[in-house]
Amino acid sequence: MPDAPTPAPPQPESRNPRVARPEGGDSTVTVIVAFLANALIAGAKTVAATVTGSASMLAEAVHSWADTGNEIFLLVADRRSRRPADTEHPLGFGREAYVWSMFAAIGLFAVGAGVSITHGIQELVHPEPADNYVVAYAVLALAFVLEGVSFLRARRQARAEARAADRDTLHHVLVTSDPTLRAVYAEDAAALIGLVVAFAGVLAHQLTGSPVPDAVGSIVVGLVLAVVSVVLIDRNRRFLVGEAAMPATRAAVLTGIRDLPEVERVTYLRLEYVGPRALYLVASVDLRGDESETSVARRLDELERRVTSVPLIAGAVFTVSAPEEPSIV
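Quick caveat, the model's predicted, so the values are computed rather than measured.

Draft legend 1. Up close: the nonpolar core. Ranked by size, the top nonpolar core spans 39 residues in total, and within it Met57, Leu74, Val184, Tyr185, Leu225, Val228 and Leu232 carry the most contacts. Looking at this core, the elements with two or more residues in it are α1 (26–52), α2 (55–80), α3 (96–125), α4 (133–165), α6 (179–208) and α7 (212–241). Among the elements that take part in this core, α6 stands out by supplying 11 residues, more than any other. With residues near it in sequence (within four places) discarded, Leu74 still touches Val31, Ser101, Ala104, Thr180, Ala183 and Val184.

So this is what it looks like as structure tokens:
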């Protein structure tokens, strides 16, 4: 009697890379705090600009309205980037965070910087007197407090993440894969600088009676916003094109793979960000032992699932190395 057929082993869920979908966390709260603060500040500055006729105050009002609109883009970015992967988007939607953050940065450049600089130049050509300086000072003081609260929130998150990554806070803000944190931190820092410039411009206008310092203050605020927006645009562009992991992150991941008991050595490793705090991993490894093709395929599948259980790794693909391929040092 012929042998009974051997039952087929259970099939794995999927060989497609798994993409994590993190829940809303610190970045979401940071953006909401910034949105509320900027909305209140924008309204107060608009009233002050209307009452005083100050060019610097008008530039600050435009700046705050631009920031308020940008926070909406950042909230959309945070929400849409968390959608789970599907058959048409096997790596998920993480890169949407950089698309919407790019819109916010372009808006900051076009509206915040463009209007502030243009109005400052117009004020130099056609100066207008200003009055009710007490209103301007009161609004600037209120704005500084609210912007400070928002900035401290962003700074607290950035410092915690930088400490975990063993980086300086400012360096972490520049290199982090989280565009919402970078945008809020940079915009709030620029806002605090702009408030100091606006105060100096209004004070000089009051003391000298000349609108020139006020107009120059508007132009300076616009230039600060232009620099910040260009930096944000460049960082989002890099992540959209495909940003590789930092050397320290790559070294840590390489060590983790080499420490797996099934892995003899690693000959190829590619790590690329596919969203905030989400890396896609491709590696060639030499497995211990000499087994059949079916057994090797199952072991590679298990390696992929084990590696993607780490929150930072959004997806992974392992292949078998050829014997002559050199190991990665």
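Having seen it, we continue.
Draft legend 2. Quick peek at a nonpolar patch on the surface. A cluster of nonpolar side chains, contributed by Ile121, Leu124, Val125, Val212, Val216 and Val220, occupies part of the molecular surface with about 450 Å² of accessible area. Those elements that provide at least two residues to the nonpolar patch are α3 and α7. By the secondary structure assignment, Ile121 is in helix α3. Since its relative accessible area comes to 43%, Ile121 is described here as partly exposed.

Draft legend 3. Highlighting the side chain of His172. Position of His172 among the secondary structure elements: in helix α5 (residues 169–175). Here the side chain of His172 touches Arg167 through a polar contact of 3.0 Å, side chain to side chain.

Draft legend 4. Representation of the packing of aromatic side chains within the structure. Going through the model one piece at a time under the given rule, you end up with seven aromatic pairs. With centroids separated by 5.0 Å and ring planes inclined at 10 degrees, the aromatic side chains of Tyr98 and Phe239 adopt a geometry described as stacked. Of this pair, Tyr98 sits in helix α3 while Phe239 is found in helix α7, placing the two residues 141 residues apart along the sequence. Take Tyr98 and Phe239: they sit in the same class, and that class is buried. In textbook terms, an aromatic cluster arises when at least three aromatic residues are bridged by ring pairs, as seen for Phe73, Trp100 and Phe103. Lying over the aromatic face of Phe93, Arg83 brings its terminal NZ or CZ to 3.8 Å of the ring centre.

Draft legend 5. Examining the pattern of salt bridges more closely. Under the definition given, this model contains 16 salt bridges. The residue Asp178 makes a salt bridge to Arg277 at a minimum N-O spacing of 2.9 Å. Here Asp178 is found in the loop between α5 and α6, whereas its partner Arg277 is found in the loop between β1 (263–275) and β2 (278–287), with 99 residues between them in sequence. Taken together, the salt bridges that share partners define one network made up of Arg80, Arg83 and Glu96.

Draft legend 6. Helix α8 (residues 247–258), seen in detail. An ideal rise of 1.5 Å per residue puts 16 Å on 12 residues; α8 measures up with 16 Å between its terminal C-alpha atoms. All of the buried residues along α8 are Thr249, Val253, Leu254 and Ile257. Projection of α8 onto a plane perpendicular to its axis shows the buried side chains occupying an angular sector of 130 degrees, all on one side. For α8, the exposed residues set more than 90 degrees away from the buried face come down to Pro247, Ala248 and Ala252.

Definitions and limits used
Residues numbered from 1 in each chain as written. Predicted model: local features only at pLDDT ≥ 70, side-chain atom pairs only at ≥ 80, totals over all residues. Heavy atoms only, no water. Core = buried A, V, L, I, M, F, W, Y, C linked by side-chain atoms within 4.5 Å. Buried < 20%, exposed > 50% of the residue type's maximum accessible area, 1.4 Å probe, protein only. Helix = DSSP H or I, 4+ residues; strand = E, 2+ residues; numbered from the N terminus. Contact = heavy atoms within 4.5 Å. Patch = residues over 30% accessible without salt bridge, like charges linked within 9 Å, V, L, I, M, F, W, Y side chains within 5 Å. Areas by Shrake-Rupley, 256 points an atom, 1.4 Å probe, with all protein chains shown as cover. Salt bridge = Lys/Arg side-chain N within 4 Å of Asp/Glu carboxyl O. Polar contact = N/O pair within 3.5 Å; in protein donor to acceptor, adjacent residues only side chain to side chain. Phe/Tyr/Trp six-rings, centres within 6.5 Å; stacked < 30°, edge-to-face > 60°. Lys NZ or Arg CZ within 6 Å of the ring centre and 35° of its normal. Expected span 1.5 Å × (residues − 1). Arc of directions from axis to C-beta.

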